[in-house]
Amino acid sequence: MNIQDTNKRIRLIMHLRNKGITDTRVLSAMETVARDAYVPPAVLDQAWDDIALPIGRGQTISQPFVVAIMTQALQISDRDKVLEVGTGCGYQCAVLSKLCRRVYTVERHKPLLVEAEKRLEAQRLRNVTAMAGDGMKGWPSQAPFDKIIVTAAARDRPPAALLDQLKDGGLMVIPVAVDGAQILRLYKKESGEAYSVKDLMPVRFVPLLPDIAKEEEQG
Ligand code: SAH
């Protein structure tokens, strides 16, 4: 890693602290994960800026601040089994993998998943299991999960399967589109069918779509 790269990393972490990210485990995970290894060459010079970037197929790598807020909200421990819906380029997954026991990540665009798996492998993140599929159905054979993170916006409410696959006491963070706006929500499964919900902040995510994507599909 060269000096310039180190400076960019430090600048991003200080920026996240200034914006209110206080969890030191999250900050150090984000300092460790090389965001530049997850973005396409065309936008490499912006890899350490606090902005979302295009990753192909009409999808985006999330803004670092939003990654930090979502990860911090989940209060991840090193014993947690985490489900991520929407692997995209694999960046959020990499941050999670530094903090928890195992990440199960699902992506509906097979080509994106293949690329993400290569990156995660190249970064030697071995506690990640990835699958191409419809994450709205969760990952029944691995459920229940301590934590669930959805990185695409659900319409009106979270998919029922995801709430079902959360452990009692478990947390899920998910953007939800209501009345044309998106809000980031934190769900806590109190027990059985009982949930509490907290609104975190307004966000802009690509939509959560059903089924595996067709070859010709872009968005
Ligand atoms: N977590 C990513 C952000 C990816 S953008 C990152 O760190 O950069 C959201 C992703 O969710 C897209 O790649 C999109 O294809 C995917 N997605 C949307 N609906 C999905 C679904 N039902 N199942 C799995 N992935 C889905």
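Above this text you will find the structure in question.
From a predicted model like this one, the values you see are computed outputs, not experimental measurements.

Participant: What am I meant to see in the pairing of strand β10 (residues 194-202) here?
Facilitator: Every other side chain in a regular strand lies on the same face of the sheet, so the side chains alternate between the two faces. Bridging between strand β9 (residues 181-191) and β10 involves 8 bridges; their strand directions are antiparallel. Looking at the pairing, leucine 186 lines up with lysine 198 of β10.

Participant: Sorry, what's going on with the layout of surface pockets here?
Facilitator: One simple way to see leftover space: roll a probe sized like a water molecule over the atoms. Roughly 610 Å³ of volume is contained in the largest pocket. Residue lining of the largest pocket: 40 residues in total, with Thr60, Thr151, Ala152, Phe205 and Val206 positioned closest to the centre. Mapped onto the lining of the largest pocket, the elements with two or more residues apiece are β2 (59-61), α3 (64-73), β3 (81-85), α4 (91-99), β4 (102-107) and β10. Looking at which element gives the most residues to the lining of the largest pocket, the answer is β2, with 3 residues. For the lining of the largest pocket, a count of residues per class yields 20 nonpolar, 15 polar and 5 charged.

Participant: Would you take a moment to explain the packing of aromatic side chains for this structure?
Facilitator: On inspection of all chains with the given rule, the structure shows 3 aromatic pairs. A ring pair is formed by tyrosine 104 and tryptophan 139, whose centres lie 5.2 Å apart and whose planes are at 75 degrees; its orientation type is edge-to-face. A residue pair is termed long-range when its members are at least 10 positions apart, and tyrosine 104 in strand β4 and tryptophan 139 in the loop between β5 (128-132) and β6 (145-150) qualify at 35 residues. In this pair, the class of tyrosine 104 matches that of tryptophan 139, namely buried. By the ring-pair criterion, three or more aromatic residues cluster together here, those being Tyr104, Trp139 and Phe145. Its end group placed over the ring of phenylalanine 145, lysine 81 keeps NZ or CZ at 5.8 Å from the ring centre.

Participant: Would you explain the nonpolar core in this entry?
Facilitator: Within soluble globular proteins, side chains that are nonpolar generally end up buried alongside one another. Among the nonpolar cores identified, the biggest contains 48 residues, and Leu16, Ile21, Met30, Tyr38, Ile61 and Tyr91 are the most heavily contacted of them. Put simply, the parts of the chain that give this core at least two residues each are α1 (3-18), α2 (24-32), β1 (53-56), α3, α4, β8 (166-178) and β9. Tallying contributions element by element places α3 first for this core, with 7 residues. If sequence neighbours within four positions are ignored, tyrosine 91 has contacts with Met30, Val33, Arg35, Tyr38, Ile61 and Val67. Ranked by size, the runner-up nonpolar core spans 18 residues in total, among them Val85, Phe145, Ala154 and Leu166.

Participant: I tried to follow unusual backbone geometry on my own but got confused; where do I start?
Facilitator: Phi is mostly negative for residues that are not glycine, and the peptide bonds are mostly trans. Geometrically, the link from alanine 143 to proline 144 is a cis peptide bond, its omega value of 0 degrees lying close to zero. Tracing the sequence through the fold places proline 144 in the loop between β5 and β6. Even without glycine at this site, aspartate 156 takes up a positive phi of about 70 degrees. On the accessibility criterion, aspartate 156 (41% relative accessible area) is partly exposed. Backbone geometry places aspartate 211, a non-glycine residue, at a positive phi of 65 degrees. Looking at the secondary structure, you find aspartate 211 in the segment after β10.

Participant: Explanation requested: the site of the ligand in the structure shown.
Facilitator: The ligand sits among 27 residues. The nearest are Gln92, Glu107, Asp134, Gly135 and Leu209. Within the backbone of serine 62, a nitrogen or oxygen atom sits 3.4 Å from an oxygen atom of the ligand. The separation between an oxygen atom of the ligand and a polar main-chain atom of glutamine 92 is 2.9 Å. Protein chains shield 99% of the accessible area of the ligand, which is 580 Å² for the free molecule. In this structure the site holding the ligand corresponds to the largest pocket. Per-element tally for the shell around the ligand: the top contributor is β2, with 3 residues. Residues belonging to the shell around the ligand are distributed by class as follows: 12 nonpolar, 11 polar and 4 charged.

Participant: Explain the packing of α2 against α4 to me, please; I cannot follow it from the model alone.
Facilitator: Helix packing geometry: the angle between the two helix axes and the distance between the axes. In the contact formed by α2 and α4, the axes pass within 9 Å of each other and the chain directions differ by 125 degrees. Between α2 and α4, the crossing angle belongs to the class labelled oblique. For α2 against α4, the interelement crossing comes out right-handed. Across from Arg25, Val26, Ala29, Met30 and Thr32 in α2, the residues of α4 making contact are Tyr91, Val95, Lys98 and Leu99. Here the residues of the contact of α2 with α4 sort into 6 nonpolar, 1 polar and 2 charged.

Definitions and limits used
Residues numbered from 1 in each chain as written. Predicted model: local features only at pLDDT ≥ 70, side-chain atom pairs only at ≥ 80, totals over all residues. Heavy atoms only, no water. Pairing = 2+ DSSP bridges. Helix = DSSP H or I, 4+ residues; strand = E, 2+ residues; numbered from the N terminus. 1 Å grid on protein atoms, 1.4 Å probe; cavity = no way out; pocket = protein on both sides within 12 Å on 5 of 7 lines; lining within 4 Å. Points joined across faces, edges and corners; volume = space filled by probe spheres on them. Nonpolar A, V, L, I, M, F, W, Y, C, P; charged D, E, K, R; others polar. Phe/Tyr/Trp six-rings, centres within 6.5 Å; stacked < 30°, edge-to-face > 60°. Buried < 20%, exposed > 50% of the residue type's maximum accessible area, 1.4 Å probe, protein only. Lys NZ or Arg CZ within 6 Å of the ring centre and 35° of its normal. Core = buried A, V, L, I, M, F, W, Y, C linked by side-chain atoms within 4.5 Å. Contact = heavy atoms within 4.5 Å. Near = heavy atom within 4 Å. Polar contact = N/O pair within 3.5 Å; in protein donor to acceptor, adjacent residues only side chain to side chain. Areas by Shrake-Rupley, 256 points an atom, 1.4 Å probe, with all protein chains shown as cover. Sits in = over half its atoms within 2 Å of the grid points. Axes fitted to C-alpha atoms, helices over the stretch in contact; angles between N-to-C directions. Parallel < 35°, antiparallel > 145°, perpendicular 65-115°, else oblique. Left-handed = near helix turned anticlockwise from the far one by under 90°.

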